[in-house]
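One letter stands for each residue in the lines below.
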Amino acid sequence: MLRIIKSMENKYLIPALDLVENVFTAWDSPSEGKTVRALVEEIRSKKYYLPELELIMVDETDRILGYAMFSRFHIEGKYEDELLILTPVAVRTEYQRQHISKELIEYGFEKAIVLGYKAVLVEGNPKNYNPRGFVTSADRGIVAGPSIHLPHPACLMVKELVPDALEHISGTVDYSFYDTLCEDHKNTVYMKRCYELAVQAGKKGFDTFGALLVHNGEILEEAENTADWKKGIFGHAEFNLVHKCANRYPDSLLKESTLFTSCAPCERCLCAIASLGVEKVVFGVSYEAFSKLTPGDALPVDREGLLRELGITMKLAGPVLEEEGMHVFEWWGGEHRPLEELIAEMAEVKAKAAQKELYNNDIM
């Protein structure tokens, strides 16, 4: 079989992404596959991208067999003109253990030297990378930061491309400049979808709330608000979501899942979520912010603590994109009204209520 190594070309951009996602999905999970695909897309869009060092191997039919990306990397804001990171590396499942990754990586070393780079960082299995000349980075003064969770310190490695290159390169490795690898970025993606669901509900004449359940990066179910107070139908988005999931998914899966909701859930919905066994809830708009649109103020209640006293584990995380989430309420009930107008109207209602209470207290 003919094996040709090439730098990236436009016609391979999408097929390469598909290969990467499929390989990491098979190796780990659908969530990992999507994350690594998104990481490649992100690197391509930033200044760290080097198209000459995004490498593929194709066969005689032009099918991609393997993939390796070297991109510029900095440590504490330094060395980005000298240091590369190797990630990801992927080989079509049926062609693994045929030295495809070895050939791609060693070809990449040669091109990197020509381009003037002096060292390469990689995270992975030392058994795969030590034979390529990588050594434990901590031994050379390059350590993983607190947000990087390695199975073992030896899993973060570095290789000199030119002699003594690491004599002046050291510091703490941090991946936070990759949006894709930050939990905040993932929460943002799912919350935007909750807001879309909420607006859909509002345009149908319902209250503007939306919720979804995520497991391993996959959205399992979605729900909108369908409350009808005239008919006495509760219909909150989280409540509807719980009903969709009940008797459909095993407890083990639900325990590992995260429920995203456009607004911090009411107490009745919290109880429903707890009955489902979901232990993490991420909300968009906080109780405090939402109270600007309700007659009453937010209650200063330790909801996690109360659930814990009942033996229920639940983590409430948020707010996420709160300002954007507040504007979702402009579609409340199907008629679009500016947020400022809604808040001002409710402030007037609260002021009148406070004045009435003060008057009642005076005449008692």
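Residues numbered from 1 in each chain as written. Predicted model: local features only at pLDDT ≥ 70, side-chain atom pairs only at ≥ 80, totals over all residues. Heavy atoms only, no water.

Points about the environment of Gly284
And then number 1: Looking at the element boundaries, Gly284 is found in strand β13 (residues 280-285).
And then number 2: Considered as a pair, Gly284 and Met191 are 93 residues apart in the sequence and their alpha carbons are 6.5 Å apart.
And then number 3: Once you skip the residues sitting within four places of it in the chain, Gly284 turns out to touch Met191, Tyr195, Thr261, Ser262, Cys263, Pro319, Val320 and Glu322. (Helix = DSSP H or I, 4+ residues; strand = E, 2+ residues; numbered from the N terminus. Contact = heavy atoms within 4.5 Å.)

Quick notes on the packing of helix α1 (residues 13-27) against helix α2 (residues 30-45)
And then number 1: Here α1 crosses α2 at 145 degrees, and the two axes come no closer than 7 Å. Note that α1 runs across α2; the crossing there is right-handed. Contacts between α1 and α2 pair Leu13, Ile14, Ala16, Leu17, Asp18, Val20, Glu21, Phe24 and Thr25 from the former with Pro30, Glu32, Gly33, Lys34, Val36, Arg37, Val40, Glu41 and Arg44 from the latter.
And then number 2: Of the residues contributing to the contact of α1 with α2, the split by class is nine nonpolar, two polar and seven charged. (Axes fitted to C-alpha atoms, helices over the stretch in contact; angles between N-to-C directions. Left-handed = near helix turned anticlockwise from the far one by under 90°. Nonpolar A, V, L, I, M, F, W, Y, C, P; charged D, E, K, R; others polar.)

As for the nonpolar core
And then number 1: Counting residues in each nonpolar core, the largest one holds 48 residues, and the members touching the most others are Leu213, Phe260, Val285, Met314 and Phe329.
And then number 2: Leave out the neighbours within four places in its chain, and Val285 touches Tyr195, Ser262, Cys263, Ala264, Phe290, Glu322, Gly325, Met326 and Phe329.
And then number 3: Membership of the second largest hydrophobic core comes to 37 residues, among which are Tyr12, Tyr67, Phe73 and Tyr178. (Core = buried A, V, L, I, M, F, W, Y, C linked by side-chain atoms within 4.5 Å. Buried < 20%, exposed > 50% of the residue type's maximum accessible area, 1.4 Å probe, protein only.)

Brief notes about the pairing of strand β12 (residues 258-263)
And then number 1: When you tally the buried positions in β12, you get six out of six residues, the bulk of the element.
And then number 2: Judged from the four bridges that link them, strand β10 (residues 210-215) and β12 form a sheet pairing that is antiparallel. Each residue of the ladder has a partner; that of Leu213, found in β12, is Leu259.
And then number 3: Looking at chain direction, β12 and β13 are connected through five bridges and run parallel. Across the sheet, residue Thr258 finds its bridge partner in β13, namely Lys280.
And then number 4: On the question of chirality, the crossover connecting β12 to the parallel β13 by way of helix α8 (residues 267-276) is right-handed. (Pairing = 2+ DSSP bridges. Right-handed = clockwise from strand over helix to strand, strands pointing away.)

Comments concerning the environment of Arg72
And then number 1: The residue Arg72 is located in strand β3 (residues 64-72) in this model.
And then number 2: Along the backbone, Arg72 and Ala198 are 126 residues apart, and their C-alpha atoms lie at a distance of 40 Å.
And then number 3: Setting aside chain neighbours within four positions, we find Arg72 in contact with Lys47, Tyr48, Leu50, Glu80, Asp81, Leu83, Leu84 and Tyr117.

Quick word on the packing of helix α6 (residues 237-245) against α8
And then number 1: Remark: α6 packs on α8, axes separated minimally by 9 Å, with the N-to-C direction vectors making an angle of 20 degrees. One way to sum up the angle between α6 and α8 is to call them roughly parallel. Between α6 and α8 lies a crossing of left-handed hand. On α8, the residues that touch Glu238, Phe239, Val242 and Cys245 of α6 are Arg268, Cys269, Ala272, Ile273, Ser275 and Leu276.
And then number 2: A breakdown of the residues in the contact of α6 with α8 according to their chemical character gives seven nonpolar, one polar and two charged. (Parallel < 35°, antiparallel > 145°, perpendicular 65-115°, else oblique.)

Focus on the pattern of salt bridges
And then number 1: Applying the stated criterion across every chain yields a total of 26 salt bridges.
And then number 2: Between Asp81 and Arg72 there is a salt bridge; the shortest N-O distance is 2.9 Å.
And then number 3: Take Asp81: its relative accessible area is 55%, and that puts it in the exposed class.
And then number 4: Residue class for Arg72 comes out buried when judged on its relative accessible area of 14%.
And then number 5: A salt bridge links Glu106 to Arg132, with the nearest nitrogen and oxygen atoms 3.3 Å apart. Linking Glu106 in helix α3 (residues 100-114) with Arg132 in the loop between α4 (126-129) and β6 (135-136), this pair joins segments that are 26 residues apart in sequence.
And then number 6: Overall, Arg132 belongs to the buried group, its relative accessible area being 17%.
And then number 7: Via salt bridges that share partners, Lys47, Arg72, Glu80 and Asp81 belong to a single interconnected network. (Salt bridge = Lys/Arg side-chain N within 4 Å of Asp/Glu carboxyl O.)

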